[in-house]
Amino acid sequence: MLSRIRFTNLSISSKVLLISVLLSGCSSLPEEFEHSPESKVAYSTSSLSELRDGQKSGQTESENSAVLLQNSGWEALSQRLALIEMAEQSIDIQYYIWNSDDSGRYLASRIIEAANRGVKVRVMLDDINLDEREDLLTSLNAHSNIEIRIFNPIPTRKGVSKWLRVLGDFSRLNRRMHNKTFTVDGVVSVVGGRNIGDEYFDLSDEINFRDRDAMVMGEVVGEIQSSFISYWDSRWSYPVELLGGEQTLDLSDIDKIARPHYHGYPNLPEDNEAAYHFLQALMPQMTWVQASFISDQPVPEDADDTSIPKETAVTLSQLVNQAKSSVTLESAYLIFDDRQLEGIKQQTNSGIEIKALTNSMVSNDLITNHSGYAGRRQDMLENGLQLFELKPDTALCESSTRDASKCAPITPYGLHTKSAVFDKKVAVIGSFNFNLRSTYLNTESLLIVEDLAIAEELANDITQAMNEENSWRLGLEEGDPRWYSGDKVWETEPETGRWERFNSRFLQLFPIEKYL
């Protein structure tokens, strides 16, 4: 549906800012868009709600929601497809990235088929990764049952001038919607860290990611829907037709898009009957828990002030400060500033064990993001944080993909998860990377689960990934970082070359860590 753009913000001179203004010309978009208020959707009984209600028995009053963690790509894609096939009333989707690859196109085709049978579809996408696909989105939006809105679009739509315009309006256009939610019939949602694309579903021949999200039902779905509506109706949410695309594409041959195939897994559910039996067998595996959903305001109260942590960041900081024994983190990108490091130091000095798993240089798909982490790595270790970096040839890949061709050394493998466990009692799965962009700039969302079984399951999964067969353990010797695995020790980042390490150090010279 959409293709991915790697975008990194770099510091620039005032002369370049002037050039960007001249190139961008006059904006064709209003500064904000005011939506007509919509009446709240009143959901009626559906096949999904009947399946959900059949699972309700014996829960305590506090166990308001059911949760199932999704760790493999096949699980994540199967569950989304099954929900689409079961949809009878609505599908509400919110994503940062939707790739135009096998999984992205196939999911889009099934959503169109759902719209053809009368399901109301709303799609909310961030603008930064649209890749000039306005014609496609405008064509989809022309369907009577599909409506698409774009978050915080860049007024200049094409070419180099588009990205120069970002630099010219740096404060606002760096505010990206990183949230990821997927809700069907107001009954079941999928939330967490995955975007839509082959690399998030263990299907890519270019790179695959260890990732995680959760399927949920119960009261927390209402909170997820309320969050979606706040973005959908926000003044930074623009109807896609304002972006200048043309309705030029014929969608009549949508059924010709092939279903993705996994070598080591059963076929993906492809019709209503298969979807029903799939979810009927899956729902009893869900755990009823106390859960809540937190998301940032779609439009900051002061968009020009990027020094104030957002609500999701504040919530996570409170959970760290409330921890009595342990904090376990897993994050694709990991950067803490001085204020955050001081808080970590206070906790570790009081005996709290704080462990974090992140990408190594060789498993990270973005050298810019790794450079920000590497520049703070020694500080993290000095302040008591225990660090682990994922090995690219970890057996975790084949365990997830069941296909050696999707793993290193044939296909690169990295980390995209964003999760945390506090005292093995509270689990958090969301879109929030533990870096400064998530803390101060992007909008993010968090699923917070208060349940011993879920928290222990997640903590064990992260701890397994930290084991020496999967990750390098870091430490300090005479003040310098070292990498350990068994009886081996590395003084520089393992399995990297001088040029890669030089690029990382060079990028640390620029004041860009907040934008990574």
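Residues numbered from 1 in each chain as written. Predicted model: local features only at pLDDT ≥ 70, side-chain atom pairs only at ≥ 80, totals over all residues. Heavy atoms only, no water.

### Quick word on the overall build of the protein chain
Stage number 1. When you go through the protein chain residue by residue, the secondary structure sums to 16 helices and 20 strands.
Stage number 2. Taken over C-alpha atoms, the radius of gyration comes to 22 Å for the protein chain, in line with the 24 Å a tight globule of 516 residues would show.
Stage number 3. Judged by the C-alpha coordinates and their principal axes, the protein chain covers about 65 × 65 × 45 Å.
Stage number 4. The buried share of the protein chain, reckoned over its 516 residues, is 59%.
Stage number 5. Residue pairs in contact within the protein chain that sit at least 24 positions apart in sequence constitute 82% of those at least 6 positions apart.
Stage number 6. For the protein chain, the exposed area adds up to about 21,000 Å²; of that, 48% sits on carbon and sulfur atoms. (Helix = DSSP H or I, 4+ residues; strand = E, 2+ residues; numbered from the N terminus. Rg over C-alpha atoms; globule rule 2.2 N^0.38 Å. Buried < 20%, exposed > 50% of the residue type's maximum accessible area, 1.4 Å probe, protein only. Contact = heavy atoms within 4.5 Å. Areas by Shrake-Rupley, 256 points an atom, 1.4 Å probe, with all protein chains shown as cover.)

### Topic: unusual backbone geometry
Stage number 1. Going from Ala-408 to Pro-409, the amide bond is cis rather than trans, its omega being 10°.
Stage number 2. Secondary-structure assignment places Pro-409 in the loop between α13 (396-401) and β14 (413-415).
Stage number 3. We note that Asp-131 has phi near 55°; this positive angle belongs to a residue other than glycine.
Stage number 4. Tracing the chain through its elements places Asp-131 in the loop between β3 (120-126) and α5 (134-141).
Stage number 5. Even without being a glycine, Asn-152 presents a positive backbone phi close to 50°.
Stage number 6. Its location among the elements puts Asn-152 in the loop between β4 (146-151) and α6 (159-168).
Stage number 7. Asn-152 sits in the buried class, given a relative accessible area of 0%.

### As for the UniProt feature "domain: PLD phosphodiesterase" (unreviewed entry) in the protein chain
Stage number 1. UniProt's feature table lists "domain: PLD phosphodiesterase" (unreviewed entry) at residues 173-200 and 411-438, given in the numbering used throughout.
Stage number 2. Split by type, residues 173-200 is 4% helix and 32% strand. Its first and last C-alpha atoms lie 26 Å apart.
Stage number 3. Counted over residues 411-438, helix gives 11% and strand 46%. Its end C-alpha atoms are 28 Å apart. (UniProt positions renumbered as here; feature names shortened; annotations may be inferred.)

### Side note on the side chain of Ser-504
Stage number 1. Tracing the sequence through the fold places Ser-504 in helix α16 (residues 498-507).
Stage number 2. Assessed through its relative accessible area of 1%, Ser-504 is described here as buried.
Stage number 3. Residue contacts for Ser-504: discarding those within four places in its chain leaves Met-361, Ile-367, His-370, Ser-371 and Ala-374.

### A few points about the nonpolar core
Burial of nonpolar side chains together is a common tendency in soluble globular proteins.
Stage number 1. Membership of the largest hydrophobic core comes to 59 residues, with the highest contact counts inside it found for Leu-48, Leu-83, Ile-91, Trp-98 and Leu-279.
Stage number 2. With 8 residues, helix α3 (residues 73-86) is the single largest residue contributor to this core.
Stage number 3. Ignoring any residue separated from it by four or fewer positions in sequence, one finds Leu-83 in contact with Leu-48, Phe-182, Val-184, Val-188, Val-190, Met-215 and Leu-279.
Stage number 4. Among the nonpolar cores identified, the runner-up in size contains 37 residues, and Leu-341, Val-428, Phe-432 and Leu-474 belong to it. (Core = buried A, V, L, I, M, F, W, Y, C linked by side-chain atoms within 4.5 Å.)

### Quick notes on helix α9 (residues 272-282)
Stage number 1. Burial in α9 covers these residues: Ala-275, Phe-278, Leu-279 and Leu-282. The buried residues of α9 occupy an angular sector of 90° when the element is viewed end-on, so they sit on one face.
Stage number 2. Each element contacted by the buried residues of α9 is listed here: α2 (47-53), β1 (65-70), α3 and β8 (213-218).
Stage number 3. Two to three positions downstream of the cap, the backbone nitrogen of Glu-273 sits 3.3 Å from a side-chain oxygen, assigning the N-cap of α9 to Asp-271. (Arc of directions from axis to C-beta. Polar contact = N/O pair within 3.5 Å; in protein donor to acceptor, adjacent residues only side chain to side chain.)

### Structural notes on the state of the cysteines
Stage number 1. Going through the model one piece at a time under the given rule, you end up with 1 disulfide.
Stage number 2. Disulfide pairing is shown between Cys-397 and Cys-407; the S-S distance is 2.1 Å. Between Cys-397 and Cys-407 the sulfur-sulfur dihedral comes to about -90°; the bridge is accordingly left-handed. Of this pair, Cys-397 sits in helix α13 while Cys-407 sits in the loop between α13 and β14, placing them 10 residues apart in sequence. (Disulfide = S-S within 2.5 Å.)

### Let's talk about the environment of Ser-307
Stage number 1. Within the fold, Ser-307 resides in the loop between β10 (287-295) and α10 (311-322).
Stage number 2. Note: C-alpha distance between Ser-307 and Tyr-440 (133 residues apart in sequence) is 6.4 Å.
Stage number 3. At a separation of 2.5 Å, a polar atom in the side chain of Ser-307 contacts the side chain of Asp-305.

### Side note on the packing of α3 against α9
Stage number 1. Interaxial distance between α3 and α9 falls to 8 Å at its minimum, and their mutual angle equals 120°. Viewed along their axes, α3 and α9 adopt a mutual orientation that is oblique. The two elements α3 and α9 cross, and the hand of that crossing is left-handed. Each of Trp-74, Ser-78, Gln-79, Ala-82, Leu-83, Glu-85 and Met-86 in α3 lies in contact with α9, whose residues at this interface are Asn-272, Ala-275, Tyr-276, Phe-278, Leu-279 and Leu-282.
Stage number 2. Split into classes, the residues belonging to the contact of α3 with α9 amount to 9 nonpolar, 3 polar and 1 charged. (Axes fitted to C-alpha atoms, helices over the stretch in contact; angles between N-to-C directions. Parallel < 35°, antiparallel > 145°, perpendicular 65-115°, else oblique. Left-handed = near helix turned anticlockwise from the far one by under 90°. Nonpolar A, V, L, I, M, F, W, Y, C, P; charged D, E, K, R; others polar.)

### Let's talk about the confidence of the model for the protein chain
Low pLDDT marks stretches whose predicted atomic positions should not be read closely.
Stage number 1. Across the protein chain, pLDDT averages 91, with 93% of residues at or above 70.
Stage number 2. Throughout residues 1-26 the model reports pLDDT below 50, and contacts reaching past four residues in sequence, or to other chains, amount to 65 contacts. (pLDDT = per-residue confidence, 0-100.)

### Some details on the packing of aromatic side chains
Stage number 1. Tallied over the entire structure, the rule returns 14 aromatic pairs.
Stage number 2. Pairing Phe-228 with Trp-232 gives two aromatic rings, centres 5.6 Å apart and planes at 20°, and the pair type is stacked. Residue Phe-228 and its partner Trp-232 are located together in helix α8 (residues 219-232), separated by 4 residues, close to a single helical turn. By the burial criterion, Phe-228 is buried, and Trp-232 matches it.
Stage number 3. When the ring of Tyr-262 is compared with that of Tyr-265, the centres are 5.9 Å apart and the planes differ by 85°; the resulting orientation is edge-to-face. Considered together, Tyr-262 and Tyr-265 belong to a single accessibility category, that of buried residues.
Stage number 4. Clustering of aromatic rings is evident, with ring pairs tying together Trp-74, Tyr-262, Tyr-265 and Phe-278.
Stage number 5. Here Arg-122 stacks its cationic end above the ring of Trp-232, 5.7 Å away from the centre of that ring.
Stage number 6. Sitting above the plane of the Tyr-440 ring, Lys-514 keeps its charged end 4.8 Å from the centroid. (Phe/Tyr/Trp six-rings, centres within 6.5 Å; stacked < 30°, edge-to-face > 60°. Lys NZ or Arg CZ within 6 Å of the ring centre and 35° of its normal.)

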